[in-house]
Amino acid sequence: HGALLVGPESAGAVPGPACYGRGGKLPTVTDAGLLLGYMDAQRPIAGGMQLDVAAARAAVEPLARAMNKDVEAAALGILTVVNAAMVQALRRITVERGIDGRRCALLAFGGAGPMHAVEVARAFGIGRVVVPAHSSAFSALGCVSARMSYSQQRTVRMPAGQWDPQRLDAVRAALRERLCAPLVAAGVAAADIEIEEVASVRYRGQSYAIELADPEFTDPAALGAAFYARHERLYGFVTGEPWELVAIRQRACAPESRLPAAAQAHASGAAAPARSVSCVFDASGARPTPRYDRAALAVDQRLAGPCIVEDAWSTVIVPPGATLAADGNGHLHIDAGVAS
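Calculation criteria
Residues numbered from 1 in each chain as written. Predicted model: local features only at pLDDT ≥ 70, side-chain atom pairs only at ≥ 80, totals over all residues. Heavy atoms only, no water. Helix = DSSP H or I, 4+ residues; strand = E, 2+ residues; numbered from the N terminus. Rg over C-alpha atoms; globule rule 2.2 N^0.38 Å. Contact = heavy atoms within 4.5 Å. Areas by Shrake-Rupley, 256 points an atom, 1.4 Å probe, with all protein chains shown as cover. Lys, Arg positive; Asp, Glu negative; His and termini not counted. Charge placed at Lys NZ, Arg CZ, Asp CG, Glu CD. Core = buried A, V, L, I, M, F, W, Y, C linked by side-chain atoms within 4.5 Å. Buried < 20%, exposed > 50% of the residue type's maximum accessible area, 1.4 Å probe, protein only. Patch = residues over 30% accessible without salt bridge, like charges linked within 9 Å, V, L, I, M, F, W, Y side chains within 5 Å. Salt bridge = Lys/Arg side-chain N within 4 Å of Asp/Glu carboxyl O. Polar contact = N/O pair within 3.5 Å; in protein donor to acceptor, adjacent residues only side chain to side chain. Pairing = 2+ DSSP bridges. Axes fitted to C-alpha atoms, helices over the stretch in contact; angles between N-to-C directions. Disulfide = S-S within 2.5 Å.

Explain the overall build of the chain to me, and be specific about the residues and the numbers.
Of regular secondary structure, the chain possesses seven helices and 13 strands. Against the globule reference of 20 Å for 340 residues, the chain gives a C-alpha radius of gyration of 26 Å, more extended than a compact globule. If you line up the chain on its principal axes, its C-alpha atoms span 70 × 50 × 45 Å. Partitioning the intrachain contacts of the chain with sequence separation of at least 6 by distance along the chain shows that 58% fall at a separation of at least 24. Of the roughly 18,400 Å² of accessible surface on the chain, 53% is carried by carbon and sulfur atoms. Once the 32 positive and 32 negative side-chain charges of the chain are each reduced to a mean point, those two points are 3 Å apart.

So this is what it looks like as structure tokens:
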């Protein structure tokens, strides 16, 4: 009782956030972003949808009253909570796997990802954020450019002390034939198909296995050494106990094809802000914030936060203390202002 929770339920596309005007009444992260000035109510989205600030305010007001806060403070609380949830997710995929995420760059994609990315990066300790060109269609672009492939796994369960190379060869050949057939039927030359293999290996009696790419099936001693080394990297220890090959997974891939690079329009001179809006970034209150058109940015033009960069694809928030620069490929690079 008394704690602010965000999700896991979603308003979805229908009815969507209250500000979409499709019947949604509950406050959402999108409504909070609009009330803080991040999203532009004067700029239609999704083919002409006009964001409704009054509807967003009506949705957040009951929550604000319950918190004994004004509407903007409640909206700021919503974003703080959802950003904290994203930081927890980052920790799960980095720290819990032994990766120091502070040494990485945070890739922000999707329509809303760049709205949260810098604050999430700061909370985690990441210093650099990259917003790719056409960021909200990033996943769809990946699907279009992905290699055609088929994969399958076959259980083997072969102890190291009972190595059977003939059986392994038969299993691998059968997998290869099965996976290549649909690619050949699709017009891919058999000679151009690449085969990737992964071995699942574990200690005898373990309930989980470790995956090893490009395994040495013809040399069980080398495969065992690779398993021991990988186990030590993952779990910090290794024993001399017997191990076994649990399964083989193969992936048959068509040749890689690259989409032609889209021509990027670059302004000849530094862009000026389209206009200035009032935005809230912290408890100090609203402050004037210039809003830029992404297409108008010149290559290597640097913008100091607070500012907002937007296009038809996404809204990029550059809070106070952060700086943004555009490159020649249409990508945006943000220095989050994290002390090294």
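Pulling in residues and values, what's your account of the nonpolar core?
Membership of the largest hydrophobic core comes to 26 residues, with the highest contact counts inside it found for V129, L297, L324 and I334. Secondary structure elements with two or more residues in this core: helix 3 (71–93), helix 4 (113–124), strand 2 (128–131), strand 10 (307–310), strand 11 (315–318), strand 12 (323–326) and strand 13 (332–335). In this view, I334 contacts V118, G127, R128, V129, V131, V316, V318, A322, T323 and L324; residues no more than four positions away in its chain are not counted. Counting residues in each nonpolar core, the second largest holds 25 residues, with Y38, L76, V82 and V277 among its members.

Break down a nonpolar patch on the surface for me, citing the residues and quoting the values.
Nonpolar side chains collect at one region of the surface, where Y208, L234, Y235 and F237 lie side by side and expose about 380 Å² of accessible area between them. The topology assignment puts L234 in helix 7 (residues 220–235). With relative accessibility at 40%, the residue L234 sits in the partly exposed group.

Can you explain the environment of F109? Please cite residues and give values.
In this structure, F109 sits in the loop between strand 1 (105–107) and helix 4. What makes F109 partly exposed here is its relative accessible area of 38%.

I'd like a description of the side chain of H231, backed by residues and values.
When you line up the elements, H231 lands in helix 7. By relative accessible area, which is 0% here, H231 ends up buried. Within the structure, H231 has its side chain in polar contact with the backbone oxygen of F237 (distance 3.0 Å). In this view, H231 contacts Y203, Q206, Y208, I210, G236 and F237; residues no more than four positions away in its chain are not counted.

Explain the sheet that holds strand 5 (residues 210–213) to me, using residue names and the numbers behind them.
Reading across the sheet, the four strands line up as 3-6-4-5 and stay open at both edges, with antiparallel pairing between neighbours. Single-partner strands in this sheet number two, and they are strand 3 (149–159) and strand 5. On average, each strand axis in the sheet is tilted by 20° relative to the strand beside it, whichever way the strands run. Of the pairings in the sheet, the one linking strand 4 (residues 194–203) to strand 5 comprises four bridges and is antiparallel in character. Within the sheet, the bridge partner assigned to V198 lies in strand 5 and is A213. Of the strands in this sheet, strand 4, strand 5 and strand 6 (243–253) are in contact with helix 7, which crosses strand 5 at around 125°.

Could you give an account of the state of the cysteines, naming the residues involved and the relevant values?
Going through the model one piece at a time under the given rule, you end up with zero disulfides. Cysteine C180 is unpaired, with the sulfur of C253 as its nearest cysteine sulfur at 9.7 Å. Counting only cysteine sulfurs, C307 is the nearest neighbor of C279, a cysteine outside any disulfide, at a range of 9.9 Å. A residue is classified by how much of its surface remains accessible, and C279, at 0% relative accessible area, is buried.

Honestly, that's just the spatial picture; any functional story needs more than this.
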